[in-house]
Amino acid sequence: MIGAQPAFRAIGLSKAYGKRLAVDRLDLQVDRGELFGFLGPNGAGKTTTIRMALGLIAPTNGTVEILGAEVRHNRSKVLPRVGALVESPALYGYLSGRNNLRVFGDLLGGVPEKRIDEVLEIISLTGRDKDKVKTYSMGMKQRLGLGVALLNNPDLLILDEPANGLDPAGIVEMRDLLRSLAAEGKTVFISSHVLSEVQQICTRVAIINHGKLIRLAPVHELLDAPGEFEIKVDSPDALVVALRLQPWGQEARVEHGLVITRAPQGRGRDLIAFLVQNGHQPDSVGERQRDLEDIFLSLTGDS
Ligand SMILES: Nc1ncnc2c1ncn2[C@@H]1O[C@H](COP(=O)(O)OP(=O)(O)OP(=O)(O)O)[C@@H](O)[C@H]1O
Ligand SMILES: [Mg+2]
């Protein structure tokens, strides 16, 4: 049954530009209905992967399947079910928002005016639909780009950096919009290096660097990993020496005058007991907030 097929699947996917591997044997599966984050620093290979997923460029090796069908040989079957926004949308500034949707609709073989009204509603541009796009804000242009991707009412949305260039209010609007699309049952695949974004809306994330998958996990699993504590003491260097003798304290270090360490069994109270028993009375012990940004930096620290 086609409904059981994953929305997106990359199998051993690679792309070489000359000698450089932009994407390196990527294996990835996104299930139906997921709001999936595809994260990586600049140059990690996100856009290259997305271009292969959309059949815009050919893989050097491996394949991409969308909704169960291999993309390169089934473009006419697959692409009508996909909506995509790759980098900045190529909108016509001298046309109105509505006329942009009509023009892109024509490229799809025609979209009924009723659907254009619906899309304008979804992207909250109903009141501004007759204004020229060149008078739109960045956020409005980005929403219109998403509107283009929604014209064919796709099952899968592939969005390359949809938050690009948006201010905080625009980011909140985009986030709400993506959430409501996922709530309708669409699969949403978004690439980003705006990690705080992805943390708030995605259920699972893949982190890539130098074209390679380095982590694939539910967001909560990344965030729930045992955290670190920061300790204020009189002699941080001596404490670090003592901590590093402990099996749980191997990664102890000093940052900005504070000692950063894991705790026995991840428990703050056990850490405090250890400090006191070893004569390092702490002035304060605090659990560090771990967000995806920290995890991302620790995983991609070489770039
Ligand atoms: N057409 C091309 N020709 C040669 N090299 C390319 C081409 N497109 C991308 N690359 C290289 O492939 C690597 C991955 O680029 P890609 O655009 O996929 O990264 P990205 O993760 O989308 O980065 P960003 O966050 O900056 O958008 C980079 O080293 C880039 O220079
Ligand atoms: Mg990119």
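Because the structure is a prediction, the values reported are computed rather than measured.

## Some points on the site of ligand 1
- Around ligand 1 lies a shell of 13 residues, among which Gly-43, Gly-45, Lys-46, Thr-47 and Thr-48 are the nearest.
- Within the contact set of ligand 1, an oxygen atom lies 3.0 Å away from a side-chain nitrogen or oxygen of Asn-42.
- Taking Gly-43, its main chain carries an N or O atom lying 2.7 Å from an oxygen atom of ligand 1.
- Coverage of ligand 1 by the protein chains reaches 62% of its 640 Å² of free accessible surface.
- For the shell around ligand 1, the secondary-structure elements that each account for two or more residues are β2 (20–30) and α1 (46–53).
- For the shell around ligand 1, the element with the most residues is α1, which contributes 3 residues.
- Within the shell around ligand 1, the residues separate by chemical class into 4 nonpolar, 6 polar and 3 charged.

## Topic: the nonpolar core
- Formed by 45 residues in total, the largest nonpolar core has its most connected members in Leu-146 and Leu-178.
- Filtering out sequence-adjacent residues up to four positions away, Leu-146 remains in contact with Leu-85, Leu-157, Leu-159, Met-174, Leu-177, Leu-178 and Leu-181.
- Residues Leu-26, Val-30, Leu-54 and Phe-189 belong to the second largest nonpolar core, which totals 29 residues.

## Some points on the environment of Gly-301
- You can see Gly-301 is positioned in the segment after α11 (292–299).
- With relative accessibility at 57%, the residue Gly-301 sits in the exposed group.
- When the C-alpha positions of Gly-301 and Asn-209 are compared, they lie 9.8 Å apart, and in sequence the two are 92 residues distant.

Rules used throughout
Residues numbered from 1 in each chain as written. Chains lettered and ligands numbered in written order. Predicted model: local features only at pLDDT ≥ 70, side-chain atom pairs only at ≥ 80, totals over all residues. Heavy atoms only, no water. Near = heavy atom within 4 Å. Polar contact = N/O pair within 3.5 Å; in protein donor to acceptor, adjacent residues only side chain to side chain. Areas by Shrake-Rupley, 256 points an atom, 1.4 Å probe, with all protein chains shown as cover. Helix = DSSP H or I, 4+ residues; strand = E, 2+ residues; numbered from the N terminus. Nonpolar A, V, L, I, M, F, W, Y, C, P; charged D, E, K, R; others polar. Core = buried A, V, L, I, M, F, W, Y, C linked by side-chain atoms within 4.5 Å. Buried < 20%, exposed > 50% of the residue type's maximum accessible area, 1.4 Å probe, protein only. Contact = heavy atoms within 4.5 Å.

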